[in-house]
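# Report on the structure
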Amino acid sequence: MVPLPLKELSILSGLSAVLIAATQIAVPNGWHLLGAYGYWLVRIALEAALFVGGLQVAVQIAGVQRHRFALVLATCLTTLVPFVLATTAMDIILGLPELERLPMVGVPFEGPQNAHPVGDRLVIFVYELCFLLDNHLALCLLITAPWILRQGAETEASAAKASSEKPQGAGLEGHGQAPPGTPAEGELASGEATSPPATPFLQQLEPAFETRLLRAEAQEHYVRLIGESETRMILFRFADLMRLLPEEMGSQVHRSHWVAHDEVKHCYKDGSNLRLKMKDGSTVPVSRSNAKSAMERFGASA
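Residues numbered from 1 in each chain as written. Predicted model: local features only at pLDDT ≥ 70, side-chain atom pairs only at ≥ 80, totals over all residues. Heavy atoms only, no water.

## Looking at the overall build of the chain
How we decide: A run of H or I in DSSP becomes a helix once it reaches four residues, and a run of E becomes a strand once it reaches two; helices and strands are each numbered from the N terminus. Any two residues whose heavy atoms approach within 4.5 Å are treated as being in contact. Accessible areas in this description were obtained via Shrake-Rupley with a 1.4 Å probe; residue shielding takes into account the shown protein chains only.
Scanning the chain from terminus to terminus reveals ten helices and eight strands. By sequence separation, contacts in the chain at least 24 residues apart represent 55% of the contacts at least 6 residues apart. Of the roughly 17500 Å² of accessible surface on the chain, 59% is carried by carbon and sulfur atoms.

## With respect to the nonpolar core
Side chains of nonpolar character tend, in soluble globular proteins, to be buried together. Test applied: Buried Ala, Val, Leu, Ile, Met, Phe, Trp, Tyr and Cys residues that are joined via side-chain atoms within 4.5 Å together make up what is termed a nonpolar core. Working definition: with a 1.4 Å probe on protein chains only, accessible area under 20% of the residue-type maximum means buried, over 50% means exposed, and in between means partly exposed.
With 20 residues, the main nonpolar core has Phe51, Leu55, Val72, Ile143 and Trp147 as its most contacted residues. Looking at this core, the elements that each hand over two or more residues are α1 (6-22), α2 (33-62), α3 (68-78) and α5 (118-149). Take this core: its biggest share by element is eight residues, from α2. Excluding residues that lie within four positions of it along the chain, Ile143 makes contacts with Leu9, Leu12, Ser13, Ser16, Phe51 and Val52. Counting 17 residues, the second-largest nonpolar core is a separate cluster that includes Leu205, Leu225, Ile234 and Met249.

## A look at the sheet that holds strand β1 (residues 213-219)
As a reminder of what qualifies: Strand pairing is defined by DSSP finding a minimum of two bridges between the two strands. Angles run from 0 to 180 degrees between N-to-C directions of axes, and those axes are lines fitted to C-alpha atoms, restricted for helices to the stretch in contact.
Ordered by their spatial adjacency, five strands build an open sheet running β3-β2-β1-β5-β4, and the pairing between neighbours is antiparallel. The sheet is open, and its two edges are formed by β3 (231-235) and β4 (250-254), each paired on a single side. Each adjacent strand pair in this sheet contributes to an overall mean axis angle of 20 degrees, direction not counted. In terms of strand pairing, strand β2 (residues 222-227) meets β3 through five bridges, oriented antiparallel. Bridge assignment links Val223 to a residue of β3, and that residue is Ile234.

## Remarks on the packing of aromatic side chains
Going by this rule: Centre distance within 6.5 Å is the pairing criterion for rings of Phe, Tyr and Trp, where only the six-membered ring of Trp is used; planes under 30 degrees apart are then read as stacked, over 60 as edge-to-face, and the remainder as tilted.
Applying the stated criterion across every chain yields a total of two aromatic pairs. Between Tyr39 and Trp40, the aromatic rings sit 5.3 Å apart at their centres with planes inclined by 80 degrees, giving edge-to-face as the arrangement. Accessibility assignment for this pair places Tyr39 and Trp40 in one class, buried. Arranged with centres 4.7 Å apart and planes meeting at 40 degrees, the rings of Phe201 and Phe236 form a pair that is tilted. Residue Phe201 is located in helix α8 (residues 200-204), and its partner Phe236 is located in the loop between β3 and α9 (238-244); the two are separated by 35 residues in the primary sequence.

## Focus on the packing of α3 against helix α4 (residues 80-94)
Think of two packed helices as two axes; the pair is described by the angle between the axes and how far apart they sit. We apply this condition: These descriptions rest on fixed angle ranges, namely under 35 degrees for roughly parallel, over 145 for roughly antiparallel, 65 to 115 for roughly perpendicular, and the rest for oblique.
At their nearest, the axes of α3 and α4 sit 4 Å apart, and the two run at 40 degrees to each other. In terms of axis orientation, α3 runs oblique to α4. Where α3 abuts α4, its residues Cys76, Leu77 and Thr78 lie against Leu80, Val81 and Pro82.

## Digging into α4
To keep things clear, this is the line we draw: Every helix has an expected span of 1.5 Å times one less than the residues it contains. Here, the arc refers to the directions that run from the helix axis to the C-beta atoms.
Between its first and last C-alpha, α4 extends 21 Å over 15 residues, near the 21 Å set by a 1.5 Å rise per residue. For α4, the full list of buried residues reads Leu80, Phe83, Val84, Thr87, Thr88, Met90 and Asp91. End-on, the buried residues of α4 take up no more than an arc of 165 degrees, which puts them together on one face. Away from its buried face by more than 90 degrees, α4 exposes Ile92 and Ile93. Where α4 ends, the next residue or the one after it, Gly95, has phi of about 80 degrees, a positive value.

## Details of the pattern of salt bridges
This is how the line gets drawn: Only one rule defines a salt bridge in this text: a Lys or Arg side-chain nitrogen within 4 Å of an Asp or Glu carboxyl oxygen.
Enumeration according to the criterion identifies twelve salt bridges in this entry. A salt bridge links Arg43 to Asp91, with the nearest nitrogen and oxygen atoms 3.9 Å apart. Linking Arg43 in helix α2 with Asp91 in helix α4, this pair joins segments that are 48 residues apart in sequence. Neither residue differs from the other here; Arg43 and Asp91 are each classed as buried. In this structure, Asp270 engages Arg275 in a salt bridge whose closest nitrogen and oxygen atoms are separated by 2.9 Å. On the accessibility criterion, Arg275 (23% relative accessible area) is partly exposed. Among the charged side chains, a salt-bridge network with shared partners connects Arg212, Glu228, Asp262 and Glu263.

## Section: the side chain of Ser282
Filter applied, for reference: Pairs of N or O atoms are called polar contacts if they sit within 3.5 Å, as long as, within protein, a hydrogen donor faces a hydrogen acceptor (for residues adjacent in sequence, only side-chain-to-side-chain pairs).
The topology assignment puts Ser282 in the loop between β7 (273-278) and β8 (283-286). Side-chain polar atoms of Ser282 contact the side chain of Asp280, separated by 2.6 Å. Beyond its immediate stretch of four places on either side in the chain, Ser282 contacts Arg215, Leu276 and Lys277.

Listed below in structure tokens is the structure:
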């Protein structure tokens, strides 16, 4: 699954460049009209490349596109400084330094005495950042507007698809009732594994978390998902994840740990603490409030 519609963003960036070039009243001295169009195409392409690249990284770090508008705003502010630096360098190379056209009071750029302390130039650069902030923000919102507006529809479609693919009788797991067509215990022991309960949330991750979830760990503002064939960090509230995972699938045994029921071998005492021994060899702490239920569900080692 491609996290971002890169083709759509590229087309919108090109159209934005053409629109801006067409609305420019003044053409630099000695420039042909096609040169002005080429300048804006290169400038907007540079700006869009920085922004889209940053947004791609932001989406990969977040792991899920739950707040697209917030991601766009954060990426826009993050890429503002490199955009202004790149644009200023390009203007200087072409003989059109943006900094020399800013009407800064008390910092003249014309005349024979055109030398200024580094502090003054830094102040002017801050002015340049403010001067181009609205332009950068407008372009970022313009090219991502369709992607932002599609968020609700795409989320509903993903949830509906995941729900329709849920295996029959999944809700009976953990209650001692096997759905029709479920293999007997002897058949399972011969090497045939059960499929995990459908989890719409895991299907909505981009890319989707297709493997069976074994454990989940809270790590500050992130959650580490440990699956059979994949481990991934997502920017997500652990408490929200606990509400989204099916109860028959696993349990929260600690304020920072969730485990799949069928992946626990047993629980054991480690001094005054209780821990779970997992089938993959790892150990998971159990909080005191969950100790009794863990002992009853998983049993204690000898």
